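Survey of secondary and tertiary structure
Each chain, letter by letter, is given below.
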Amino acid sequence: MTLTPQRSAGTHAGRAGAAGDPEAAGSPGLESPGTPKARRAVGAQPWLMALAVATAVAGAALSLNGVLRGWAWYSPVLSTVLTVAFTMAGLRALRWRSVFVTAGALAALVLILTFTFFRPHSIIGFIPSGATMTQLGRYLRRASETVLAESSPVAPNAGIVLLVCAALGLTVIVVDALAYPLALPATSGLGILALLIVPAMIKPQSVGALGFSAAAAGYLMILGCSHWFSPDARTGAASVRNPGQFRRGSLTGAVALTATLLLQLVIPGFDQGAFPQGSRLNPFGPASGLNPMISLGNSLRSPGGDGRITFATNAPSTPYLRSVTVDSFNGDNWAPDDRDGTRRLGTGRIESGVESAATEVRVVTAVDTGQFISPYLPVPFAPEAVNGLTGRWSWDPATLSIKGVDTDSRNQRYVALSVAPQLTPDLLTQATGPVQGVPEQFIRPPDNVPEIVRTTAEAVTAGSATPYARAMAIQRYLRSVNFTYSLQSPVQGGYDGNGLSVLADFLNQKSGYCIHFASAMAVMARLEGIPSRIAVGYAPGRPTGATVSIGGHGALPEFEVDARDAHAWPELYFQGLGWVPFEPTPSRGVVPSYAEEAAAPSGASTNENNDGLIPSNSPLPTPPPSVAPLPPSGAAPRPDAASVLLPVLYGAGAVLVLGLLLASPHLARTALRHRRVGGSGVDSAAASQAWMELRDLATDYRVPPRTSETPRHFSARLRHAGALGEPQGPDAEAHRAVRSLTADFERRQYGRPPSVPGVDGARPGAGTPAGSAAGAGSTGASAAPLISAVRSSLRDHARPLVRFRAEWLPPSTLAAGRRAATAPFRAARRAAQRTRRGLAGARSRVRGALRRVRRERWLRRS
Amino acid sequence: MEYHRISLDEALPEEQDLREDSAVDRIPAALRPAQPTAAMDAEAFRAASERILTAINTVIDGKAEAARLALTVLLAQGHLLLEDVPGVGKTLLAKTLARTIDCSVSRIQFTPDLLPSDVTGVSIYNQASRSFEFRPGAVFANIVIGDEINRASAKTQSALLECMEEHQVTVDGHSYKLDEPFMVVATQNPIEMEGTYPLPEAQRDRFMARISMGYPDKEAEMEMLETHQATSPLAKVTAVVTAGEVASMIATVREVYVSQSIKEYTVSLGRATRESGMLRLGASPRSMLQLLRAAKATAALEGRDFLLPDDVVSVAESVLAHRIILDRKAASTGETAQGVIRAILAKIPVSPDLAATPAATSTRR
């Protein structure tokens, strides 16, 4: 005979009876009697979860098509993702601990990458060795070259695919870790979002429907799996307590949709289409560096002008600023050939090596590059000397491009001296001599020229005798009404970029922008035997109205150009006259006088900033200068000139990191809560976990527990503090929950441990429920619904600021962080105290000994 | 000889059928076979305690707390010291508690000339049997009411010491076991100083708890005037539990589970009193034991079979305050023993192990 109050209800009976207990069944969150059983068994959950994660990541990877060309890269990506995901599932099915599951997944990632990419360079095909590392370095170098030098879509070489596979494998691990052990399935969307940001920023078509829907489906599967296997108390509670869950969900969705649609009207830059199609998200702004061939289209499409350059010149007509040339038309991606071997240092004297028969005019141009960043210096053609540069610069005798050795064009102010030959159609017509002294790479026609290019060139130039006539025929053809200037149609037609195949598409579609026109003319001229190259730079800009005085030349009018003036044009070589620029692009730039003809359909052009969306064949009236709003040059962002992929990747990472950082207290708090109350909830440790969660909740809502407070006292204080609302009415459940949590915790913390049998083994009274207050409400059921009831009541009764703080800067988490951060200091202080005390003790002992000695001496003396 | 050994009959002339509890007629407990007492069922325990408290509360208005504490001390096998000004119902409480239990009660009115043998008993030469015969003193009863205990000399007071601590009496080399349950309920008057002998520390330490009754509130006082005018309220009280039931209730209390963390908490409370700068004398280890026992009784009265820190806190003031001695400096600033205990309770962390438990103890697989 003894007292046996709630023990029976608490641990033994409660375990089996949780589902059948009327009170437990009535409390929210316990959905069905089968739920605890499903939770206990590992079963299919890891596998389904792995499938969900793999679907989400592999689906998001679909949208990388367009960043990477073709689909060849997708099979290694798929194998990597599946291997990693299902390795984790397997380990989890073996009930490994989460840390080891993650470690195992990393190992699997390394093995599958080795197997895919380094099979010949590894031990038995998949174990990395020293050779693997060497090869890895080579691949990484290649990948970084690709990232720096190529435009999207890049060719899927091994390096870049390796990089993509590794990144996706890591994403799988992160997403899985967020969704499963940290129990933050909703947050795992961040990992998927990070993947989607890459195409969203790089591809003009943005993410694309396929990739988006696949990623979204995977994400929904992750959420579904998490909900199915460990039902979230909050949503569970909503189903019973708030029948309006569906209504609330659709309301939230509607608000989000409206905000998305309205926001783009407010945010500058969203002038075309809907988010994110209209303007690609780019934290660094449009690339202001003029990367030839790569970002030209993007620069031209940028709604605001960035990379503003101002210059003053005494040239009779505003010159083109030319920074680099492209001369090799082979391969899929044309890029400037730096020819670093033949470059010469110093810009004091630049020699073109061409003796022009025409009279030459010396032109002085003072340039301020501002925030424009590029390794190449924009100068008028053909430069003779550039003075006032900082840093070391070199020039290429063949192309006269000026390139920084260890510096770039940012914030350079310099004066360029250039020579402009006074060409006339007559002079050009007479230049019929065989080409001599021109490097081979300007003459050699590209391999594998598409048939349409060749036939077009032949058709256009038929009947033209001289090289000049042929050049003019090509230019006339390209400037004819058949061709339209459009920045968008190459994007829509899928030939935004460069290369011979793009050229073929362009000639078919007859719509494109400067790079297409320039490359068409250059390739066709070369096919017709005229040495050619593509110059990249800026079309003549707009006068700013200001003047700049240059020593010896007086005040010169100032002009400005920015990213929207980025331009490409062909330069053709004529024996005896040197390199001669042409202007085949309709509505852009200025056709040089020697290349003008009366019959040109769109002979008049404008040097105004035309947006190029509507091909304009009629001469535009010259509006007053600076129609377009000009950004202050100081505020212009500064991306690395040569890279488009890199800042995007960094940007995605930075956004992710920043978001995680800001949300980290919230995430840490949520994860802690899930870990504490998400468990099976009937074992004794769960009670104290739930209790700690209750304490932290109270701390967050400004009813912090005191250390000298008993659990019961704290519970009473919490219930009467008003933070939970009235004990009757809608918050009765929260009050009951607090009482129940307290009782559970007390029993677990202070009660007889279940393993120890009672003092007198068989107690007749065992199982008799005591009708005491302490026993009320303790069901031994999962703590999750109780905690969530308390939480929602606390939230409902807190002021908005408190609520915000409790959610996003929870004091309990911050205090824990502070404690952890100050622990070393506290330890140091304690150690210092101990040392001080020890020293003081030693000193007093020494002093006492001295006193004794002195005293003895004194006694002896007397 | 001013030795009153009364059965409560004295207060109730028209005594009904109170049992004859004259100690003289009883055989010493040691000679009777000890019956094993078993613990009690929770429901029975609750019912019994409920009956006792209801009975007491019908007699003494507005003193439910004191009544409950008195019962706690009884169930914890302690002794109770009622200290308050005259006329607030100290003796009434003691007598009522005794009356509700069907057991032997004796009352000793302490006076300066009371002798130790009056308390413990004496051996008398029996002419007929030509041998010494032990005549038990007033202490041979289940409940001993010591009225105005501070009026007796220190010698007589200390005669109670052995009885209270060891539940036995030793006279002329013979030890006699006292009946179980055994409880001394003493009252003393803190105001009257002349001709009193304040209880020595050793003896104070033997009392489990000291209760100050305090004045009743207005309603209770009105009620008392109303009902107690004509008849003594004690007249209506009858025994509601038997001594055997009380013994088994005590056994129940003994089985209340005390967890490790409660023991730690109790010990840290005791150490805090000894280390406190306000106190000349802290709480003794015995007082810790008694604190725990009183707390166990409280837990049992609340219907629990395990101890909560709340139980310890609720009895700490009553159990500890009369044992500690304030520092002279603290006393001069008007600090009270109760205040010091309260301050210590507000300072000692309840569950240090909880704070130390790593929050990350995951229960997930």
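Residues numbered from 1 in each chain as written. Chains lettered and ligands numbered in written order. Predicted model: local features only at pLDDT ≥ 70, side-chain atom pairs only at ≥ 80, totals over all residues.

1. Some thoughts on the overall build of chain A
- Looking only at helices and strands, chain A has 26 helices and 16 strands in total.
- Across the 862 residues that make up chain A, the buried fraction comes to 46%.
- Long-range contacts, defined here as pairs at least 24 residues apart, represent 76% of the contacts in chain A between residues at least 6 apart. (Helix = DSSP H or I, 4+ residues; strand = E, 2+ residues; numbered from the N terminus. Buried ≥ 20, exposed ≤ 12 C-beta atoms within 10 Å, placed from the backbone. Contact = placed C-beta atoms within 7 Å.)

2. A look at the overall build of chain B
- Counting secondary structure elements, chain B contains 14 helices and 13 strands.
- Excluding contacts between residues fewer than 6 apart, the proportion of contacts in chain B whose partners are at least 24 apart in sequence is 80%.

3. A few points about the packing of helix 8 (residues 158-179) of chain A against helix 9 (residues 189-202) of chain A
Residues and elements named next belong to chain A.
- At a minimum axis separation of 8 Å, helix 8 and helix 9 run at an interaxial angle of 150°. By the angle between their axes, helix 8 is roughly antiparallel relative to helix 9. Counted together, T171, V174, V175 and L178 of helix 8 and G191, I192 and L195 of helix 9 form the full contact between these two elements.
- Classifying every residue of the contact of helix 8 with helix 9 by side-chain character gives five nonpolar, two polar and no charged. (Axes fitted to C-alpha atoms, helices over the stretch in contact; angles between N-to-C directions. Parallel < 35°, antiparallel > 145°, perpendicular 65-115°, else oblique. Nonpolar A, V, L, I, M, F, W, Y, C, P; charged D, E, K, R; others polar.)

4. Overview of the nonpolar core
- Counting 99 residues, the largest nonpolar core has B:A70, B:L80, B:L93, B:V185, B:A209, B:A294 and B:A316 as its most contacted members.
- Counting only domains with at least three residues in this core, you end up with domain 1 (8-14 + 37-254) and domain 2 (260-347) of chain B.
- One finds A:V379, A:A382, A:V386 and A:M472 within the second-largest nonpolar core, a separate group that totals 81 residues. (Core = buried A, V, L, I, M, F, W, Y, C linked by C-beta atoms within 7 Å. Domains from an automatic or database assignment.)

5. A short note on the sheet that holds strand 3 (residues 344-345) of chain A
Residue and element names in this part refer to chain A.
- One open sheet holds the three strands; their spatial order is 3-7-8, and the pairing between them is antiparallel. Of all the strands in the sheet, just strand 3 and strand 8 (402-404) have a single pairing partner and so form its edges.
- Bridge analysis of strand 7 (residues 393-395) against strand 8 gives three bridges, and the strand direction is antiparallel. Within strand 8, the position partnered with S394 by the bridge is K403. (Pairing = 2+ DSSP bridges.)

6. Here we look at the confidence of the model for chain B
Residues and elements named next belong to chain B.
- For chain B, per-residue confidence averages 78 on the pLDDT scale, and residues scoring 70 or more make up 85% of the total.
- Averaged over each element, pLDDT in chain B is lowest for helix 14 (residues 352-356) (47) and highest for helix 10 (residues 285-301) (90).
- Low pLDDT, under 50, characterises residues 1-34; the stretch is placed with 52 contacts to residues that sit more than four places away or in other chains.
- Here residues 353-365 is modelled with pLDDT under 50, and outside its nearest four sequence neighbours on either side it reaches 16 contacts, counting other chains as well.
- Prediction confidence for the complex, expressed as pTM and ipTM, is 0.50 and 0.78 respectively. (pLDDT = per-residue confidence, 0-100.)

7. So, the sheet that holds strand 6 (residues 143-147) of chain B
All names here are of chain B.
- Sheet architecture is open: five strands sit in the order 3-6-9-1-10, paired in parallel fashion. The open sheet has two free edges, formed respectively by strand 3 (105-109) and strand 10 (209-211), since each of these has just one partner strand. Within the sheet, the average angular offset between the axes of one strand and its neighbour, ignoring direction, is 20°.

8. A closer look at unusual backbone geometry
- With an omega of -5°, the peptide bond between A:F381 and A:A382 qualifies as cis.
- Here A:A382 is to be found in the loop between strand 5 (379-380) and strand 6 (383-387).
- Even without a glycine there, the phi angle at B:Q77 is positive, about 60°.
- Mapping B:Q77 onto the fold places it in the loop between helix 2 (64-75) and strand 1 (80-83).
- Residue B:E148 is not a glycine yet carries a positive backbone phi of 50°.
- Tracing the sequence through the fold places B:E148 in the loop between strand 6 and helix 5 (154-166).
- You can call B:E148 partly exposed: it has 19 C-beta atoms within 10 Å.

9. So, the pairing of strand 1 of chain B
- Here four bridges tie strand 1 of chain B to strand 9 (residues 183-188) of chain B, and the two strands are oriented parallel to one another. Within the sheet, the bridge partner assigned to B:L82 lies in strand 9 of chain B and is B:T187.

10. Overview of the environment of B:I344
All names here are of chain B.
- For I344, the location among the structural elements is in helix 13 (residues 337-345).
- Residue classification places I344 among the buried positions, given that 25 C-beta atoms sit within 10 Å.
- For the pair formed by I344 and L269, sequence separation is 75 residues and the distance between their alpha carbons is 7.2 Å.

11. So, helix 19 (residues 514-527) of chain A
Residues and elements named next belong to chain A.
- Over its 14 residues, helix 19 extends 20 Å from the first C-alpha to the last, a length consistent with the 20 Å expected when each residue adds 1.5 Å.
- The element helix 19 is largely enclosed, with a buried count of 14 among its 14 residues.
- G529 occupies a position one or two residues after helix 19 and carries a positive phi of about 90°. (Expected span 1.5 Å × (residues − 1).)

12. Overview of the environment of B:A331
- Locating B:A331 in the fold gives a position in helix 12 (residues 328-332).
- Each C-alpha atom of the pair B:A331 and B:M278 lies 8.4 Å from the other, and the pair is 53 residues apart in sequence.

13. Notes on the pairing of strand 6 of chain B
Residue and element names in this part refer to chain B.
- The buried count for strand 6 comes to five of five residues, which makes it a mostly enclosed element.
- Pairing between strand 6 and strand 9: four bridges, direction parallel. The residue bridging I143 from the neighbouring strand is M183, located in strand 9.

14. Regarding helix 1 (residues 42-59) of chain B
Residues and elements named next belong to chain B.
- In this model helix 1 runs 26 Å from its N-terminal to its C-terminal C-alpha over 18 residues, within 8% of the 26 Å that 1.5 Å per residue would give.
- Burial in helix 1 covers these residues: A42, F45, R46, A48, S49, I52, A55, I56 and V59.
- Tucked inside the fold, the buried residues of helix 1 contact helix 2, helix 3 (90-100), strand 11 (241-242), helix 8 (243-254) and helix 10.

15. Description of the environment of B:S175
Residues and elements named next belong to chain B.
- Assignment of secondary structure puts S175 in strand 8 (residues 174-177).
- On the basis of neighbour counts, which here come to 12 C-beta atoms within 10 Å, the residue S175 falls in the exposed class.
- Not counting the four nearest positions on each side in its chain, S175 is found in contact with Q168 and T170.

16. Considerations on the confidence of the model for chain A
- In this model, chain A carries an average pLDDT of 74, and 76% of its residues clear a pLDDT of 70 or more.
- For the stretch residues 232-242 of chain A, pLDDT sits under 50, and the model shows 23 contacts to residues farther than four places along the chain or on other chains.

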